[in-house]
Amino acid sequence: VKPSEHSKKVAEAATLPKALITDIDVNWLQVIGEGWAAPLKGFMREGPLLQTIHFNSLLIDPFNVTGATAINEMETNWNDYWTRARERVSISVPIVLPVTGYTKAAIENS
């Protein structure tokens, strides 16, 4: 953020919905932020979570060969049988941010 826009961005952040996180969640956020959980760019969604639980790995497409570059960042579409990544990377620990239904609804409705 440019220094000239800092106060504007702080004011904008104050209006956004918030999810309370624990110390453990902060530690996982640091792991993701530092790149130790690559290829994750954030907490897992439902599809990557299930892949991790069942296969101890994630499907990825780092070079967008199949058009599935961001497949682990998008909402899981269980009816899409055609978009598949080509490679698997080992990831055996699910990294999720548990939130309540109330917090989820507040974020979705904002």
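Residues numbered from 1 in each chain as written. Predicted model: local features only at pLDDT ≥ 70, side-chain atom pairs only at ≥ 80, totals over all residues. Heavy atoms only, no water.

Draft legend 1. The overall build of the protein chain, seen in detail. Looking only at helices and strands, one finds four helices and two strands in the protein chain. Listing the helices and strands of the protein chain from first to last along the sequence gives α-α-α-β-β-α. Along the three orthogonal principal directions, the C-alpha set of the protein chain runs to about 45 × 30 × 30 Å. Classification of the 110 residues of the protein chain by burial places 18% in the buried group. (Helix = DSSP H or I, 4+ residues; strand = E, 2+ residues; numbered from the N terminus. Buried < 20%, exposed > 50% of the residue type's maximum accessible area, 1.4 Å probe, protein only.)

Draft legend 2. Representation of the environment of S110. Checked against the element boundaries, S110 lands in the segment after helix 4 (101–108). Between the C-alpha atoms of S110 and V89, which are 21 residues apart in sequence, the distance is 34 Å. At 2.8 Å, the side chain of S110 and the backbone oxygen of I107 are in polar contact. (Polar contact = N/O pair within 3.5 Å; in protein donor to acceptor, adjacent residues only side chain to side chain.)

Draft legend 3. View of the layout of surface pockets. Counted as a void, the largest pocket has a volume near 870 Å³. Within the residue set of the lining of the largest pocket, elements represented by two or more residues are helix 3 (46–55), strand 1 (57–60) and helix 4. Among the elements that take part in the lining of the largest pocket, helix 4 stands out by supplying three residues, more than any other. When the residues that make up the lining of the largest pocket are grouped by side-chain class, the tally is 14 nonpolar, four polar and eight charged. Its volume calculated, the second largest pocket comes out at about 440 Å³. For the second largest pocket, the lining is made up of 19 residues, of which Q51, I71, T76, W78 and R84 are closest to its centre. Counting residues per element, the lining of the second largest pocket draws most heavily on helix 3, which supplies six residues. Of the residues contributing to the lining of the second largest pocket, the split by class is eight nonpolar, seven polar and four charged. (1 Å grid on protein atoms, 1.4 Å probe; cavity = no way out; pocket = protein on both sides within 12 Å on 5 of 7 lines; lining within 4 Å. Points joined across faces, edges and corners; volume = space filled by probe spheres on them. Nonpolar A, V, L, I, M, F, W, Y, C, P; charged D, E, K, R; others polar.)

Draft legend 4. Geometry of the nonpolar core. If you look at the biggest cluster of nonpolar residues, it comprises seven residues: I32, A37, L40, M44, L58, I91 and I95. Excluding its chain neighbours within four sequence positions, the residues that come into contact with A37 are V31, I32, I91 and I95. (Core = buried A, V, L, I, M, F, W, Y, C linked by side-chain atoms within 4.5 Å. Contact = heavy atoms within 4.5 Å.)

Draft legend 5. Inspection of the pattern of salt bridges at higher detail. Under the counting rule described, the total for this entry stands at three salt bridges. With a closest N to O distance of 3.9 Å, E12 and K9 form a salt bridge. A residue pair is termed a helical-turn pair when its members lie 3 or 4 positions apart in one helix, as E12 and K9 do in helix 1 (residues 6–15) at three residues. For E12, a relative accessible area of 42% corresponds to the partly exposed category. Between K104 and E108 there is a salt bridge, with its nearest N and O atoms 3.6 Å apart. (Salt bridge = Lys/Arg side-chain N within 4 Å of Asp/Glu carboxyl O.)

Draft legend 6. Expanded view of the confidence of the model for the protein chain. Across the protein chain, the average pLDDT comes to 88, with 100% of residues at 70 or higher. Of all helices and strands in the protein chain, the one with the weakest mean pLDDT is strand 1 (88), whereas helix 2 (residues 23–33) scores best (95). (pLDDT = per-residue confidence, 0-100.)

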